[in-house]
Amino acid sequence: MQNETVIVLDFGGQYNQLIARRVRECNVYCEVMSYKNSIEKIKEKNPVGIIFTGGPNSVYDEKSPHYDKAIFELGIPILGICYGSQLMAYTLGGHVDTAPVSEYGKTEITTSESKLFENVDKNTVVWMSHTDYIDKIPEGFKITAYSNDCPCAAYENEEKKLYAVQYHPEVNHSVQGQQMLKNFLFNVCGCKGDWLMSDFAQKSIQALREKIGDGKVLCALSGGVDSSVLAGLLSRAIGKQLTCVFVDHGLLRKNEGDEVEEVFGKSGTFDLNFVRVNAQERYYKKLEGQTEPESKRKIIGEEFIRVFEEEAKKIGAVDFLAQGTIYPDVVESGLGGESTVIKSHHNVGGLPEKVDFKELIEPLRDLFKDEVRKVGLELGLPEYLVFRQPFPGPGLGIRIIGEVTADKVRIVQDSDYIYREEVDKAAKAYKEENGKDAPWMPNQYFAALTNMRSVGVMGDERTYDYAVALRAVTTVDFMTAESAQIPFEVLQTVMTRIINEVRGVNRVFYDLTSKPPGTIEFE
Ligand code: XMP
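Residues numbered from 1 in each chain as written. Predicted model: local features only at pLDDT ≥ 70, side-chain atom pairs only at ≥ 80, totals over all residues. Heavy atoms only, no water.

Chemist: Give me the lowdown on the packing of aromatic side chains, citing residues and values where you can.
Modeler: Geometrically, a pair of aromatic rings is defined through the distance of the ring centres and the angle of the planes. Within this structure, the stated rule accounts for 16 aromatic pairs. Relative to phenylalanine 184, the ring of tyrosine 163 has its centre 6.4 Å away and its plane inclined at 70°; by these criteria the two rings are edge-to-face. In this pair, tyrosine 163 sits in strand S9 (residues 162-165) while phenylalanine 184 sits in helix H4 (residues 177-188), placing the two residues 21 residues apart along the sequence. On the basis of relative accessible area, tyrosine 163 is assigned to the buried category, the value being 1%. Residue phenylalanine 184 is classed as buried on the basis of its relative accessible area, which comes to 0%. One aromatic cluster is present, formed by Phe11, Tyr35, Phe52, Phe72 and Tyr83 through successive ring pairs. The ring of phenylalanine 391 has arginine 253 lying over it, and the distance from NZ or CZ to the ring centre is 4.0 Å. (Phe/Tyr/Trp six-rings, centres within 6.5 Å; stacked < 30°, edge-to-face > 60°. Helix = DSSP H or I, 4+ residues; strand = E, 2+ residues; numbered from the N terminus. Buried < 20%, exposed > 50% of the residue type's maximum accessible area, 1.4 Å probe, protein only. Lys NZ or Arg CZ within 6 Å of the ring centre and 35° of its normal.)

Structure (structure tokens):
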């Protein structure tokens, strides 16, 4: 049975995935589709509602995306957001013009009675970002909200189930934005909310069993969230028909290799063939003398494929190769939405050429990261695996500036372990005391090894050792980030412990750089 589906029709702009996530948070399945899809393609999805996203342009620009007017005649509820609201007005005979005053940022609107504003305050703060405005709404519509500078902050035609808002209900700054989206989904589209991760896991296990039959499946397990959930799901579906190859390239965090083995190896609770390849030495050899970031990345990625291919050869032909592609990868690679490809990160640097398989399976390709985590918990994966922070495919290789050596890996692993331990301890204490997450809680935090050595003194001895850099960022999408304001005492404790416990380090820096101009990783 198909889940009730809402389509986010993407006209460009940066919020397509955020809107889709917000809809899914209401337990309604949602897909992003580019406006370049025909109306027929949209009808094929049988959507219960359609949301038009914002877009970068003015509806009058020649190059601006438009859409077939017939979409408004399908009887399917539509919510236009920002550009989407202007496009709806423009297409249906209203008028859009340059606004006398552009609105940007938090803005109070006054709402009137509407299905969209049930349980929403009469005066509520929303996030505006527009230079055009609607100065005449189409016939048959009524205005349902306004702000000081925007006479038409929301308008609708209840009978035709067409709704539009000038602001962005999907961003957190719109205080009751989520309630408005919920109202659209449940009051207007009549959704029931049948997208539940517990159902997903069960349905997906069933579907995988049917598809795979008694075939064999091979999967590369990196120990990251996506590939771990993938392995868990497949193992619950087909057990020993699955072989997971885990390449320990010696650039993992401290103890990580053993943790992965503990969960998926013989003594774990998952039934599968688990192959751990200890390729540390092989990697260190390949990386000898390599200092250039891009060539290091390339070597690590290519070597992974070679090791994987060699292991696959031992196993022989398989029917399926499983990959942990998730929905943002699908949208960003241009298959879903309209935003341009910013970068494609993959744990596995491309597909192995020499692995003999008939078909690729990607059971997580409909899920956002937070949904992948929920499925992981459903499957009984340990929390420390499920809530692991992002870790790049090239691992510590890009957190060690310059040449990678076994000794430098030891330094960065040990420093990173101490840093994470202290941050986690402080975060936990804050939460226990205040009943909420610490405001400084970073979304990603790790230690890196600068290639700098400097003079210090320890006891009566002169030292000439490395400097470790601590990085911690707060970010929503990892595209932009701020340095996190970790309390100074926590940083001091980390510094003292690293200097005392990690041989070869005599200085600790805290990286204050935001992104841009810095990236989150060091190479
Ligand atoms: P940057 O350094 O580009 O990182 O600001 C943004 C986010 O992406 C992660 N990252 C990677 N993830 N393979 C990955 O799977 C990679 O090659 C890679 N490089 C960076 C990084 O950890 C951060 O979360």
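Chemist: Any details on helix H8 (residues 280-287)? Residues and values, ideally.
Modeler: What H8 keeps buried is the set Tyr283, Tyr284 and Leu287. The buried side chains of H8 occupy one side of the element, clustering within an arc of 95° when seen end-on. Facing away from the buried surface of H8 by more than 90 degrees, the exposed residues are Glu281 and Lys285. Those residues of H8 that are buried are in contact with strand S11 (242-248), helix H9 (293-315) and helix H13 (406-434). Directly beyond the C-terminal end of H8, a positive phi value near 75° is found at glycine 289. (Arc of directions from axis to C-beta. Contact = heavy atoms within 4.5 Å.)

Chemist: Which residues make up empty space enclosed by the protein, and what are the values?
Modeler: Taken as a whole, this structure holds 1 cavity of 30 Å³ or more when the rule is applied. Computed from the structure, the largest cavity encloses a volume of approximately 30 Å³. What lines the largest cavity is Leu79, Leu116, Val165, Pro169, Met180 and Leu181. Considered class by class, the residues forming the lining of the largest cavity number 6 nonpolar, no polar and no charged. (1 Å grid on protein atoms, 1.4 Å probe; cavity = no way out; pocket = protein on both sides within 12 Å on 5 of 7 lines; lining within 4 Å. Points joined across faces, edges and corners; volume = space filled by probe spheres on them. Nonpolar A, V, L, I, M, F, W, Y, C, P; charged D, E, K, R; others polar.)

Chemist: Help me get a handle on the packing of helix H5 (residues 197-212) against helix H6 (residues 225-238), residues and values and all.
Modeler: One can describe the packing of H5 onto H6 by two numbers: an axis separation of 9 Å at closest approach and a directional angle of 60°. Between H5 and H6, the interaxial angle falls into the category oblique. Both H5 and H6 take part in a crossing whose hand is right-handed. Contact with H5, carried on its side by Ala201, Ser204, Ile205, Leu208, Arg209 and Ile212, involves Leu233, Leu234, Arg236, Ala237 and Ile238 of H6 and no other residues of that element. (Axes fitted to C-alpha atoms, helices over the stretch in contact; angles between N-to-C directions. Parallel < 35°, antiparallel > 145°, perpendicular 65-115°, else oblique. Left-handed = near helix turned anticlockwise from the far one by under 90°.)

Chemist: Lay out the sheet that holds strand S10 (residues 217-221) with the relevant residues and their values.
Modeler: Strand order in the open sheet made by the 5 strands is S12-S11-S10-S13-S14, with parallel pairing throughout. On the outer flanks of this sheet lie strand S12 (273-278) and strand S14 (359-361), each paired with one strand and no other. With strand direction ignored, the average angle separating the axes of adjacent strands in the sheet is 25°. Of the strand pairs in this sheet, S11 and S12 are connected by 6 bridges, and their pairing is parallel. From the neighbouring strand, cysteine 244 faces S12, where its bridge partner is phenylalanine 274. (Pairing = 2+ DSSP bridges.)

Chemist: If you had to explain the side chain of asparagine 157 to someone new, which residues and values would you point to?
Modeler: Residue position: asparagine 157 is located in strand S8 (residues 154-157). At 3.2 Å, the side chain of asparagine 157 and the backbone nitrogen of glutamate 159 are in polar contact. Apart from residues lying up to four places away in sequence, asparagine 157 is in contact with Gly140, Phe141 and Leu162. (Polar contact = N/O pair within 3.5 Å; in protein donor to acceptor, adjacent residues only side chain to side chain.)

Chemist: Give me the lowdown on the environment of aspartate 465, citing residues and values where you can.
Modeler: Here aspartate 465 shows up in strand S16 (residues 461-474). Looking at aspartate 465, the relative accessible area reads 18%, which means it is buried. Not counting residues up to four positions away in its chain, the partners in contact with aspartate 465 are Met452, Arg453, Ser454, Gly504, Val505 and Asn506.

Chemist: Please set out the pairing of strand S4 (residues 78-81) residue by residue, giving values where relevant.
Modeler: Going residue by residue along S4, you find Ile78 and Gly80 tucked away on one face and Leu79 and Ile81 tucked away on the opposite face as well. Of the strand pairs in this sheet, strand S3 (residues 49-52) and S4 are connected by 3 bridges, and their pairing is parallel. Across the sheet, the residue bridging to isoleucine 50 is isoleucine 78, located in S4. Examined bridge by bridge, S4 and S9 share 4 bridges and lie parallel to one another.

Chemist: Pulling in residues and values, what's your account of the sheet that holds strand S1 (residues 5-10)?
Modeler: The strand order across the open sheet formed by 9 strands is S2-S1-S3-S4-S9-S8-S7-S5-S6, and the pairing between neighbours is mixed. Looking along the sheet, the strands with just one partner apiece sit at the ends: strand S2 (29-34) and strand S6 (123-136). Across the sheet, the mean angle from the axis of one strand to that of its neighbour is 20°, orientation sign disregarded. Against the sheet, helix H1 (residues 16-25) engages S1, S2, S3 and S4, with an angle of about 160° to S2. Seen against the sheet, H4 touches S1, S3, S4, S6 and S9 and runs at an angle of roughly 165° to S4.

Chemist: Give me the pattern of salt bridges: which residues, what numbers.
Modeler: Close approach of charged atoms lets side chains of opposite charge pair. The tally for this structure, following the rule as stated, stands at 32 salt bridges. A salt bridge links glutamate 371 to arginine 24; its shortest N-O distance comes to 2.5 Å. Taken together, the positions of glutamate 371 in helix H11 (residues 369-378) and arginine 24 in helix H1 put the pair 347 residues apart, joining distant regions of the chain. The class for arginine 24 is buried, based on a relative accessible area of 4%. (Salt bridge = Lys/Arg side-chain N within 4 Å of Asp/Glu carboxyl O.)

Chemist: An account of the confidence of the model for the chain is requested, with residue identities and associated values reported.
Modeler: Averaged over the chain, the pLDDT score is 93; the fraction of residues at 70 or greater is 96%. This stretch, residues 339-349, has a pLDDT under 50; its non-local contacts, to residues over four places away or in other chains, come to 17 contacts. (pLDDT = per-residue confidence, 0-100.)

Chemist: Go over H13, please, and point to the residues and values.
Modeler: Here H13 contains 29 residues, and its C-alpha end-to-end distance of 42 Å stays within 8% of the 42 Å for a straight helix at 1.5 Å per residue. Just past H13, the residue glycine 435 takes up positive phi, approximately 70°. (Expected span 1.5 Å × (residues − 1).)

Chemist: Please set out the packing of H8 against H9 residue by residue, giving values where relevant.
Modeler: The geometry of H8 relative to H9 is characterised by a closest axis approach of 10 Å and an angle of 145° between their N-to-C directions. Helix-helix and strand crossings are classified by hand; for H8 and H9 the assignment is right-handed. On the side of H8, the interface is formed by Arg282, Tyr283, Lys286 and Leu287, while H9 contributes Lys296, Ile299, Ile300, Glu303, Phe304, Arg306, Val307 and Glu310. Residues belonging to the contact of H8 with H9 are distributed by class as follows: 6 nonpolar, no polar and 6 charged.

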